[in-house]
Amino acid sequence: MALNWRTVTLLDLDGKLIPNPNASSQLLDRLHNVRVAVEGGFLHVDPRPADQRDQGGEYDAFLIPAHAVLSVVYRVPARAEADEIEVRVG
């Protein structure tokens, strides 16, 4: 499956939905510097730290419904006036 991944600086969710990569027994509702991809009404989330993303092999990605996303912040290339965009849903 080829997804268009984007690194986001902040992902706020409506509830604790994603396991903490450092302590899988804890769930998170706010994630920093994760990769996301949108497919239909769902958001794929890759919570691995940036230094582990290029290692290849299998990894756990999480699929959450788009209605569970409160906000996403990501950087925009310098061609835009603002260097950060925040998208709020709901």
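The shown structure was predicted, so the numbers you read here are calculated from the model rather than taken from an experiment.

Novice: Give me the nonpolar core: which residues, what numbers.
Specialist: One finds Leu 11 and Val 45 to be the most contacted residues of the largest nonpolar core, which totals 14 residues. Taken together, the elements giving at least two residues each to this core come down to β1 (6-13), β4 (30-39), β5 (42-46) and β7 (69-75). Non-local contacts of Leu 11, meaning those with residues more than four positions away in its chain, are made with Asp 29, Arg 30, Leu 31, Val 34, Val 36, Leu 43, Val 45, Val 69, Ser 71 and Val 72.

Novice: I'd like to hear about the pairing of strand β3 (residues 23-28), residue by residue, with values.
Specialist: Working note: regular strand, side chains alternate between the two faces of the sheet. As defined by bridge partners, strand β2 (residues 18-20) adjoins β3 across 3 bridges and the pair is classed as antiparallel. Each bridged residue has a counterpart across the sheet, and for Pro 19 the counterpart in β3 is Leu 27. Between the antiparallel neighbours β2 and β3 lie 2 residues.

Novice: Describe the pattern of salt bridges, and please don't skip the residues or the numbers.
Specialist: Following the criterion strictly, the structure yields 3 salt bridges and no others. One salt bridge in this structure joins Arg 35 and Asp 46, with 2.9 Å as the shortest N-O distance. Linking Arg 35 in strand β4 with Asp 46 in strand β5, this pair joins segments that are 11 residues apart in sequence. Just as Arg 35 is buried, Asp 46 falls in that class too. Put simply, Arg 48 and Asp 46 hold a salt bridge, and the shortest N to O gap is 2.9 Å. For Arg 48, a relative accessible area of 12% corresponds to the buried category. One network of salt bridges, in which partners are shared, links Arg 35, Asp 46 and Arg 48.

Novice: Residues and numbers for the packing of aromatic side chains, please.
Specialist: The tally for this structure, following the rule as stated, stands at 0 aromatic pairs. If you follow Arg 35 out to its NZ or CZ, it ends over the ring of Trp 5, 4.4 Å from the centre.

Calculation rules
Residues numbered from 1 in each chain as written. Predicted model: local features only at pLDDT ≥ 70, side-chain atom pairs only at ≥ 80, totals over all residues. Heavy atoms only, no water. Core = buried A, V, L, I, M, F, W, Y, C linked by side-chain atoms within 4.5 Å. Buried < 20%, exposed > 50% of the residue type's maximum accessible area, 1.4 Å probe, protein only. Helix = DSSP H or I, 4+ residues; strand = E, 2+ residues; numbered from the N terminus. Contact = heavy atoms within 4.5 Å. Pairing = 2+ DSSP bridges. Salt bridge = Lys/Arg side-chain N within 4 Å of Asp/Glu carboxyl O. Phe/Tyr/Trp six-rings, centres within 6.5 Å; stacked < 30°, edge-to-face > 60°. Lys NZ or Arg CZ within 6 Å of the ring centre and 35° of its normal.

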